[in-house]
Amino acid sequence: MTGLSSALNISVSSLMFNQTATSTISHNLANVNNPDFARQIVRGESQNIAGFGSGVSIGAISRRVDEQLQAELTGQKAVRSYAENYKRFNENIEIIFGTPNSTTDISATLTNAFTQLNNVANLPESSAQRLNAVNQLQFMSEQLNGMYTDLIDLQRDIDNEIDNQISIANNAIKRIEELNIQIAITRNVSLGGQNTNDLEDERMAQINILAESVKVNVIYDEDNRAIVNTESGQQLVTNGGYTQLERTVAPGPGLYAGIGIRSINSGGTPASFVLPLDTTNMTGGSMKALIDVRDTDTVAILDQIDEFSSVVIQEFNAVHSRGVGVPPPSSLTSQALTTAGVDLFAEIGLVPGSTFDISQVDQATGNVLNTTTVTLPAAPPLSGVGLAATINAALTGAGFPATFNATWAAGSLTVQDTTGNSGVVMGNDSDDFLGRIVMNPLFEGTDASTIQVRPDIVAEPGLLATARMRVADGGLSLNNNANAIELAKISTTNYSFAAAGGITPQTDSLSGYFSTVKANLAVNLQDNSRRLEFAQSLETDIATRNASVSGVNTDEELANLIVFQNAFQASSRVITTVDEMFDVLLNII
């Protein structure tokens, strides 16, 4: 049915529609710089009554989004966050190692130590040169100790950051659940044109925050509630509750606590049990990056510097054990065995029937006071106590004083003059007896955390074994440099390194191996930088494409504003005209 009343109603509906459209445009423009806001559009629906047009109604105020692009952006945020955090904490490892070509890293310290050992070989009588060499070797061991400590501290820092990421993820998960409830209620009991657009924008922002911590997959149910799962399918937000992440008991001594998921039902009651979070199959998010750096990268570096330290200890000690300090000390003690000491032939490779010499010398001149050759038993077994007895028998037979003897205690062999009035010199061993038993070690410890120059050598650098026994008579020349030369040769000698931290077994010099460790770290960091650059570039591209759909374009909104303004004015003019026509009719009546 048509008439003036109908025309008036149609114009009023137009006014209401254009007014709502103008308000929506105003809302869009107000959020033009809000990256989490999706542009909103008013959709009108024509009305008719009994086949006659009756104006326009507000169909819906919808968000302009591309769900596929949004899902891609959420996924890429997880990828970028992983690369970003992985690179950030690996850079901390590089800082611990020192910058390339640094004059203070271990490679430089090792080079300086060998320089000082060469100086000792050239000037064996110089106490200053021995002091410099010992100080450089001790400095290197302290650097290794410091690297170990710094890497352990880095692991703790990363673990603390995991706690922080858990808190961020939990806040996002809980907020997503709250928004799910509000969205479902608003959709079901919408009054006066209410919509869920802004709630959905906030929910998407929270999903993106969560994705930066834990890569997620998101689907929506019939009430538009977001169902959020991890990559492996573990539910974080359901359509009837949500979960919270928490730390679990560490799986073993020295290991870090795991991460578990505890369900919270719709009434807010937490479950009594915790399921482990499947971090193995995670590929994105900062939490996965932190776990990888803590449990893989730092562990690999720790293994590598432990292997380096172990070889340093072993090879320096083997050479140092074949020599003696100047002046000769009144006692020599072997490295403590890690074996039982039941059969030294089987446990440390002593050779049945092999021989070595022991001399008692004047400490001031190195002249021989007594000397003898010790022959090991021809057949196993040979215990530590038995070795000491064999040596004492040889000393007694050679007329050594009773104060000059061998003892075995706590897994170590000691040959000594208990009066402290003469020196002990050992050498001329036919099958490297001294090296096998590590008779006079330079370093103590077994790895990067424990390596150190023997404290008595640090206190008295004259104990640095620079000389070797004279073959002719078993005495000692005080300016002998034979062992100092062998110590210096360690720099150019290749040694066998076991597989460690992703580096395959190899034969290399000490400096060469450490350079390999640093080179691998540098390559890894360069690869991390490229991955991060690519991830950032791809995220920017997706975000740009997403913004072209969901973002607010000021020019477009202003153009639409003019259109709706003109429509509003036109409708107002129609109402004015209809009013005038009503006045004419009333006057006629």
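Chemist: What exactly am I supposed to notice about unusual backbone geometry here?
Modeler: In this structure, the amide linkage connecting Val-326 to the following residue, Pro-327, adopts the cis form with an omega of -5°. Tracing the sequence through the fold places Pro-327 in the loop between helix 6 (286–320) and strand 9 (331–333). For the bond running from Pro-380 to Pro-381, omega is 0°, close enough to zero to count as cis. One can find Pro-381 in the loop between strand 11 (368–375) and helix 8 (384–397). A positive phi angle, near 50°, is found at Asn-428, a position not held by glycine.

Chemist: What's the story with the sheet that holds strand 8 (residues 275–276) in this structure? I'm lost.
Modeler: Across the sheet, which stays open at both edges, the 6 strands sit in the order 3-4-5-6-7-8 with antiparallel pairing between neighbours. Looking along the sheet, the strands with just one partner apiece sit at the ends: strand 3 (216–220) and strand 8. Here 5 bridges tie strand 3 to strand 4 (residues 226–230), and the two strands are oriented antiparallel to one another. What sits directly across from Val-216, in strand 4, is Thr-230.

Chemist: Explain the side chain of Asp-417 to me, please; I cannot follow it from the model alone.
Modeler: Among the secondary structure elements, Asp-417 is positioned in strand 13 (residues 412–417). Here Asp-417 is buried and forms no salt bridge, its nearest opposite-charge partner Arg-454 lying at an N-O distance of 17 Å. Engagement of the side chain of Asp-417 in a polar contact is seen with the side chain of Thr-419, the distance being 2.7 Å. Aside from chain neighbours lying at most four places away, what touches Asp-417 is Ser-330, Gln-360, Thr-403, Phe-404, Ser-422 and Val-424.

Chemist: Where do I start with the confidence of the model for the chain in this structure?
Modeler: Interpreting fine coordinate detail is not advised for predicted regions of low pLDDT. The predicted model of the chain has a mean per-residue pLDDT of 91, with 97% of residues at 70 or higher. Within the chain, the element-level pLDDT minimum falls on strand 2 (residues 52–63), averaging 79, and the maximum on strand 16 (residues 452–453), averaging 97.

So, how was this worked out
- Residues numbered from 1 in each chain as written.
- Predicted model: local features only at pLDDT ≥ 70, side-chain atom pairs only at ≥ 80, totals over all residues.
- Heavy atoms only, no water.
- Helix = DSSP H or I, 4+ residues; strand = E, 2+ residues; numbered from the N terminus.
- Pairing = 2+ DSSP bridges.
- Buried < 20%, exposed > 50% of the residue type's maximum accessible area, 1.4 Å probe, protein only.
- Lys, Arg positive; Asp, Glu negative; His and termini not counted.
- Salt bridge = Lys/Arg side-chain N within 4 Å of Asp/Glu carboxyl O.
- Polar contact = N/O pair within 3.5 Å; in protein donor to acceptor, adjacent residues only side chain to side chain.
- Contact = heavy atoms within 4.5 Å.
- pLDDT = per-residue confidence, 0-100.

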